[in-house]
Amino acid sequence: MTRVALIDDHESVRLGLEAACARAQNDVVFSGSNVTGYVDWRAFTASAPADVVVLDLTLGDGTTVTENVRRLVLDGSSVIIHSVADRPAAVREALAAGAAGVVSKASPIDDVIAAISTVANGEPLNNVEWASAVEGDRAFADAQLSARERDVLRLYAAGLPLKVVADRLGVAYSTAKENITRVRVKYVEVGRPAPTKVDLLRRAMEDGILAEPSDRESAGSDGA
């Protein structure tokens, strides 16, 4: 059962999500209007972090989307932004801060529940709202990867072990590993860290290096 926290300063939105989560047999462990309330609840109850936090893009307490997302991600939860569809700049900010994806508040409730399940399973959330937030924004998307780095990232993010990537490209394992290290460094430098393989997959899709999740091949041990 997925443990879900709902953070939105509109009670009616939270109540609707709570009911939908209950029908989907997700466990809503917290429902409140701000991130501080959630963090205080965690400290008071000594509860584990929620698996997924569904977070309103803009809360009424003066906090920024960057500080809210980073606070939740550092606390150990995956974050889905539940947003109106007309603020792509703020959505990009949330994605850059580490949010796993975005779902429009205009979406059917079943889409929100499906997104929770996708993110809880450690899979990237690639939908229309996510795509529109990054499309055409090269300042967000461009990490200035070399052609070789893009090739290594494309195969590695698709799920191949790093040794297989090296064999496919006809390079030494150490060369492929060095390329992935440089890719990670470059993404950090543009404010889009990718410490895990799932993060690298997300960055590859953001940059058009790997267009669809269905492009992935069976994942294996990366040896890195």
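Scroll up to find the structure this text is about.
The following refers to the structure shown.

Looking now at the nonpolar core. Formed by 25 residues in total, the largest nonpolar core has its most connected members in L145, L153, V165, Y187 and L200. Elements with a minimum of two residues in this core: helix 8 (147-157), helix 9 (162-169), helix 10 (173-189) and helix 11 (197-206). When residues in this core are grouped by element, the largest group, five residues, is from helix 8. Among the nonpolar cores identified, the runner-up in size contains 24 residues, and A5, L59, V79 and A90 belong to it.

Attention now moves to helix 1 (residues 11-23). Helix length check: helix 1, at 13 residues, gives a terminal C-alpha distance of 19 Å against a target of 18 Å (1.5 Å per residue), a fit within 8%. Taken together, the buried positions of helix 1 are occupied by R14, L17, A20 and C21. Along the axis of helix 1, the buried residues cluster in a sector spanning 130°; they form a single face. Exposed and facing more than 90 degrees away from the buried side of helix 1 are E11, S12, A22 and R23. On its buried face, helix 1 sits against strand 1 (3-7), strand 2 (27-32), strand 3 (52-56), strand 4 (78-83) and helix 5 (109-120).

This part covers the sheet that holds strand 1. Spatial ordering of the open sheet is given by 2-1-3-4-5, a layout of five strands whose pairing is parallel. For this open sheet the edge positions go to strand 2 and strand 5 (101-104), each flanked by a neighbour on one side alone. Within this sheet the neighbouring strands show an average axis-to-axis angle of 20°, counted without direction. As defined by bridge partners, strand 4 adjoins strand 5 across four bridges and the pair is classed as parallel. Looking across to strand 5, one finds that H82 is bridged to V103. Across the face of the sheet, helix 1 comes into contact with strand 1, strand 2, strand 3 and strand 4 while running at roughly 175° to strand 2.

It is worth spelling out helix 10 at this point. End to end, helix 10 covers 25 Å across 17 residues, agreeing with the expected 24 Å (1.5 Å per residue, within 8%). For helix 10, the set of buried residues is A176, N179, I180, V183 and Y187. All buried residues of helix 10 project into a common sector of 95° when viewed along the axis, lining one side. Exposed residues pointing more than 90 degrees away from the buried face of helix 10 are listed as V188 and E189. Those residues of helix 10 hidden inside the fold are in contact with helix 8, helix 9 and helix 11. Just beyond helix 10, the residue with positive phi is G191, at close to 75°.

Basis of the calculations
Residues numbered from 1 in each chain as written. Predicted model: local features only at pLDDT ≥ 70, side-chain atom pairs only at ≥ 80, totals over all residues. Heavy atoms only, no water. Core = buried A, V, L, I, M, F, W, Y, C linked by side-chain atoms within 4.5 Å. Buried < 20%, exposed > 50% of the residue type's maximum accessible area, 1.4 Å probe, protein only. Helix = DSSP H or I, 4+ residues; strand = E, 2+ residues; numbered from the N terminus. Expected span 1.5 Å × (residues − 1). Arc of directions from axis to C-beta. Contact = heavy atoms within 4.5 Å. Pairing = 2+ DSSP bridges. Axes fitted to C-alpha atoms, helices over the stretch in contact; angles between N-to-C directions.

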